Amino acid sequence: MKIAIVCYPTFGGSGVVATELGIALSHQGHEIHFITYKQPVRLDVLGDNLYFHEVHVPDYPLFHYQPYELALSSKLVDTVKTYGIELLHVHYAIPHAYAAYMSKQILKDEGIETPIVTTLHGTDVTLVGNHPFYKPAVTFSINHSDCVTSVSESLKQDTLKLFDVTQDIDVIPNFVDFSKHQFHSQDCQRSAIAKPNEKIITHISNFRKVKRIDDVIEVFYRVQKEVNVILLMVGDGPERLAAIETCQELGIENRVKFLGKSNQVYAILCYSDIFLLPSASESFGLAALEAMMMRTAVISTNVGGLSEVNFEGESGYLFELGDVEGMANRSIQLLKDEKVLEKIKDNAHEIAKKFDIDTIVSQYLTVYKKALYS
Ligand code: GMT
């Protein structure tokens, strides 16, 4: 198949999922064309059947806002015609599904049929998409996609609740690639980051409000009073500076390392003991699944799709939003009990295997065939 994949090229989960999916499809012989405004961060190799097309929006002083959707629609039309693309797979409804619909109509005018598969990732539905300014356009784009997928059952239910959706939604969970990042204990360079007797808690996110960075710091503050532990903060975003200041105020700045955006998340997770994700909203929580693959116990909230990934008492523990006391106490208990911690880490790794890329890619191929042939 010749497939165009539209995504955000950043470190966010939706971009990671789109990129890894495209790479896996290309390994199976499909021709994949990534279309976005920058080369996706996880796309480090371009091969015979792996292409990247940059969407460029020329600056014009008249425009207060540059018309990205327009440039994207035109790029889609152009790429479909040049390469004979059979299907568009857009990740994140805003504005990708909308731009794809426009390009589909333009191509239809020229007698070219191009089905659209839209994958909903979370904030495109629960936060941004639900805003009255966007809602009609998002509803329209979802209903005019040929197939729609969501990354969790919880997100599907939210979508059905929040929008007047007439389309079926197939749930296809996010995935990890065990063959690429298989855990080898001997590869974990734990000593590079922590002293031999120090435990490691890790948080990875885009440091937006929804990630509850304050709760990460508060939980860690309580834990470090009881256990010899450091906190690794990976990623960057609006809440990062305030978090650094809070750590200084609490006098824990030498126990918290802000590592910034990183391509080394698997290496970091590999030597982590606990992954902390106290989010206010999470359609899936890809970072939690990545942590589990790397044999890290997960302490998270129970919001959104997190309970479809992190299994209570097995891969980790789930708490009500804002229950920093519960999260801290459970972390202390785990970090003090090596036997239980090791068991949870093993379980986490086993559970993550259910989300291996091979199973998930075939689910997407089924949806592609449905979009193309029905
Ligand atoms: O978490 C974010 O804010 C980034 C966002 C994205 O678009 O990358 O993540 C969303 O999509 C991920 C991949 O499907 C999910 O794992 C995240 O749970 C989801 N984030 C939210 O729902 C807040």
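Figured I'd write up the structure that's included with this text.

Each value, and the rule that gives it
- Residues numbered from 1 in each chain as written.
- Predicted model: local features only at pLDDT ≥ 70, side-chain atom pairs only at ≥ 80, totals over all residues.
- Heavy atoms only, no water.
- Pairing = 2+ DSSP bridges.
- Helix = DSSP H or I, 4+ residues; strand = E, 2+ residues; numbered from the N terminus.
- Axes fitted to C-alpha atoms, helices over the stretch in contact; angles between N-to-C directions.
- Phe/Tyr/Trp six-rings, centres within 6.5 Å; stacked < 30°, edge-to-face > 60°.
- Buried < 20%, exposed > 50% of the residue type's maximum accessible area, 1.4 Å probe, protein only.
- Lys NZ or Arg CZ within 6 Å of the ring centre and 35° of its normal.
- Core = buried A, V, L, I, M, F, W, Y, C linked by side-chain atoms within 4.5 Å.
- Domains from an automatic or database assignment.
- Contact = heavy atoms within 4.5 Å.

### Observations regarding the sheet that holds strand β7 (residues 169-171)
Line of reasoning, step 1. The sheet built from seven strands is open, its strands ordered β3-β2-β1-β4-β5-β6-β7 with parallel pairing. Bordering the open sheet on either side are β3 (50-54) and β7, each of which pairs with just one other strand. With direction set aside, neighbouring strand axes in the sheet form an average angle of 25 degrees.
Line of reasoning, step 2. Sheet topology note: the strand β1 (residues 2-6)/strand β4 (residues 87-91) ladder contains four bridges and is parallel. From the neighbouring strand, A4 faces β4, where its bridge partner is L88.

### Thoughts on the packing of aromatic side chains
Line of reasoning, step 1. With the rule as written, the count across this model stands at seven aromatic pairs.
Line of reasoning, step 2. Considering the side-chain rings of F284 and F355, the 5.9 Å spacing of their centres and the 85 degrees angle between planes classify their relative orientation as edge-to-face. Here F284 is found in the loop between β11 (274-277) and α11 (286-293), whereas its partner F355 is found in the loop between α13 (338-352) and α14 (357-373), with 71 residues between them in sequence. You'll find F284 and F355 in the same group, each marked buried.
Line of reasoning, step 3. Taken together through their ring pairs, the aromatic side chains of Y8, Y37, Y68 and Y92 make up a single cluster.
Line of reasoning, step 4. Taking NZ or CZ as reference, K135 lies 5.7 Å from the ring centre of F163, over its face.
Line of reasoning, step 5. Lying across the ring of Y317, R330 places its NZ or CZ 3.9 Å from the centre.

### A closer look at the nonpolar core
Line of reasoning, step 1. The biggest cluster of nonpolar side chains holds 96 residues, and the ones touching the most others in it are L25, F34, L72, L88, F275, L289 and Y368.
Line of reasoning, step 2. Shared between two domains, this core takes at least three residues from each, and those domains are domain 1 (2-175 + 356-373) and domain 2 (178-355).
Line of reasoning, step 3. If we skip the residues at most four places from it in the chain, L289 touches N174, F175, V176, F284, V309, A352 and F355.
Line of reasoning, step 4. Residues V223, I274, F319 and L334 belong to the second largest nonpolar core, which totals 31 residues.

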